[in-house]
Amino acid sequence: MIAGVYKFFEQFFSPKATNIFPVKRVPSSIKELLAGGDIYPPIAVHDGFRGKLHYDYITCIGCAMCEKICPAKAIEMYPVVENEKKSKRIVIYLSRCTYCSECVNICPKNCLSMGKEFMLAGFDKYGPAMVVGSVERREHEVKEDSGA
Amino acid sequence: MSTRQTYPLHIGPTHPAFKEPVQFNFEIEGERVITCDIEFGYTHRAVEHIARERNFIQILYLLERICGICSVSHPMAYCLAVEQAAEIEVPPRAKYIRTIIGELERLHSHLLWTGVAAHEIGFDTLFLYTWNIREKVLDCLETITGNRINYGILTIGGVRRDITPDLYPVLQETLDYYYDVFERAREIILDNMSIQLRCKNVGILSHENALAYCAVGPTARASGVPRDVRVDYPVNAYPDIEWLKPVSPLDAGREPRGDVYDRMIVRVHEIHQSIDIINFCMENMPEGAVDVEPKATKMISTLKKVQGEGIGRYEAPRGEVSHYDILDNREGPLLMKVKAPTYSNGITWMKMFDNVEIADIPIVIASIDPCVACADRMSFVDSGGRRSIMTSADLHRLSVEKQRRIGK
Ligand code: SF4
Ligand code: SF4
């Protein structure tokens, strides 16, 4: 009983960690809301956190190791022409990704890495925010049969 | 019996009191439950079938998702099974790290359960309190493994990440925090009058019934069955821990009766046991490698050469989970069989519901810490409006046919 009352007062005067819900309007992005400063931010993440994947189009050699290992089948290959040779590059659908980082470990060229970004919810799962490498894809993808 | 009038009461498959779909058919007389029947099969996900199309490494992440809370227990049992089949010896440091992660998981699972149980009896202050202190262990897990839930840290032959010396202070701080809050949390949870009034002498599972219905985990221990895989079939670092013994309500000075309150005592005391185990592991952590083969592709090709079978048993927070795998020169196991703790504990509901009041149904259901999706097996086959139930003979026939088919 005493412990309960004591705990109540302790909680009452300790800093707030949760936010009042609902916020007044649905923001297009949670980051806007954070930038406005009217909600308590999430705690900082540490090194080694498995967040949003980053992909380096330049160093990738299109070996497809990551596509084969991915347990969620979140990686898709598309054809490109690089250095006048037919090759392949990848896009990663974050809506399917399980953030296991197997692809990061297996990549022979270390062109994948995991960042610290985790607020990735969005309305368009095929939009540029949710598909890593989609910008490069639009730029470089070639039709399979048109070739070199 | 004709003077006695009973009524059927159906609860489920979806109901605000349940976290997962399962159907209960009660016969009630007044406010009291006379008989209880359970229908599973509403959330079967065919994990074993999906696993057949994936390789050894990919399966780890599938198995993590059998149960969101025991997300290290299923891969652990699977790794133990495959390692047994392929005769892989896990380095000692990896064993200790596995133990630490497993116990951190038990810690957060039991805190979560305490909150859920409090919520089921309408005690939401306690629910928020336990979930608040649970945040600390989740943050610790996130720092160590990189993810908050579904840690993705186990791999066949070891672990994927080392607990480096700069992570020791994080772990130590978490342990200190829990040593600090434990006494008060224990008092708030167990000495509370509302909890005692609602949980004592409710949902009793006698010692005989616990044995007869093969209860596992805290459910069995609360009924006075000293059964704990960590003690009976120790793996990982558990063989080194000499003082480890199954928790019993006797530790709190109460004769085991098998009611909801006993299950609460067992879980709360296991929180303390887990902190002690992690402390032990940190003090005695061996040096050395954390895995036998860091490259996933090499590991798969090693396992592809293996023919054999293995069984892995591990004490998940809810009870024993066991995996059985057959390896047969494939990139993945030829066959895998998963047995989750609720598969055993779910049956004990039938006995627990003897003479329970309707208002106590949610807490009795929650008291075994059910994970229905893990345990879902047999389905009602609904063809053309007719319902048919597969009997054990039917299932046996199907099983034999399948074995013939894949054995070819
Ligand atoms: S992190 Fe895992 S799930 Fe996500 S793309 Fe890489 S391998 Fe696939
Ligand atoms: S493994 Fe690395 S180099 Fe190979 S395709 Fe994937 S990202 Fe490119």
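Residues numbered from 1 in each chain as written. Chains lettered and ligands numbered in written order. Predicted model: local features only at pLDDT ≥ 70, side-chain atom pairs only at ≥ 80, totals over all residues. Heavy atoms only, no water.

Q: Explanation requested: the overall build of chain B in the structure shown.
A: Within chain B, the secondary structure is distributed over 16 helices and 10 strands. In terms of C-alpha radius of gyration, chain B reaches 22 Å, essentially the compact-globule figure of 22 Å for 408 residues. In terms of overall dimensions, chain B has a C-alpha envelope of 70 × 60 × 30 Å along the principal axes. For chain B, the proportion of its 408 residues judged to be buried stands at 56%. A separation of at least 24 residues holds for 68% of the contacts in chain B among residues at least 6 apart in sequence. On chain B, roughly 17000 Å² of surface is accessible, and the fraction owed to carbon and sulfur atoms is 53%. Positive and negative side-chain charges of chain B, numbering 46 and 56 respectively, have mean locations separated by a distance of 6 Å. (Helix = DSSP H or I, 4+ residues; strand = E, 2+ residues; numbered from the N terminus. Rg over C-alpha atoms; globule rule 2.2 N^0.38 Å. Buried < 20%, exposed > 50% of the residue type's maximum accessible area, 1.4 Å probe, protein only. Contact = heavy atoms within 4.5 Å. Areas by Shrake-Rupley, 256 points an atom, 1.4 Å probe, with all protein chains shown as cover. Lys, Arg positive; Asp, Glu negative; His and termini not counted. Charge placed at Lys NZ, Arg CZ, Asp CG, Glu CD.)

Q: So what exactly am I meant to see when it comes to the sheet that holds strand 1 (residues 7–11) of chain B here?
A: Through backbone hydrogen bonds, the strands of a sheet pair up, either in parallel or in antiparallel fashion. Residue and element names in this part refer to chain B. Read from one edge of the open sheet, three strands run 1-2-3, paired in antiparallel fashion. Strands with a single pairing partner mark the edges of an open sheet, and in this sheet they are strand 1 and strand 3 (32–39). Pairs of neighbouring strands in the sheet enclose a mean axial angle of 25 degrees, with direction left out of account. Bridge count between strand 2 (residues 23–29) and strand 3: seven bridges; the pairing is antiparallel. Pairing of Phe24 across the sheet is with Ile38, part of strand 3. Contacts between helix 13 (residues 341–352) and the sheet are confined to strand 2 and strand 3, with strand 3 contributing the most and set at about 155 degrees to the helix. (Pairing = 2+ DSSP bridges. Axes fitted to C-alpha atoms, helices over the stretch in contact; angles between N-to-C directions.)

Q: Looking at this structure, how should I read the domain arrangement of chain B?
A: Interface size is commonly expressed as the accessible surface area that is lost when the partners come together. All names here are of chain B. Per the domain assignment, the segments of chain B are domain 1 (7–42 + 375–407) and domain 2 (54–371). The gap between the C-alpha centroids of domain 1 and domain 2 is 26 Å. Counting residues at the interface gives 23 residues for domain 1 and 23 residues for domain 2. Contact between domain 1 and domain 2 buries roughly 2000 Å² in total, counting both sides, with carbon and sulfur atoms accounting for 64%. On inspection of domain 1 and its partner domain 2, the count reaches two salt bridges. (Domains from an automatic or database assignment. Buried area = accessible area lost by both parts, 1.4 Å probe. Salt bridge = Lys/Arg side-chain N within 4 Å of Asp/Glu carboxyl O.)

Q: What is the right way to read helix 12 (residues 296–304) of chain B from this model?
A: In an α-helix there are 3.6 residues to a turn, and that puts residues three or four apart on one side. Among the residues of helix 12 of chain B, Ala296, Met299, Ile300 and Leu303 of chain B are the ones counted as buried. Here the buried residues of helix 12 of chain B occupy an arc of 100 degrees about the axis, which is enough to place them on one side. Buried residues in helix 12 of chain B make contact with helix 3 (65–69) and helix 4 (102–106) of chain A together with helix 2 (56–64), helix 3 (73–86) and strand 7 (319–328) of chain B. (Arc of directions from axis to C-beta.)

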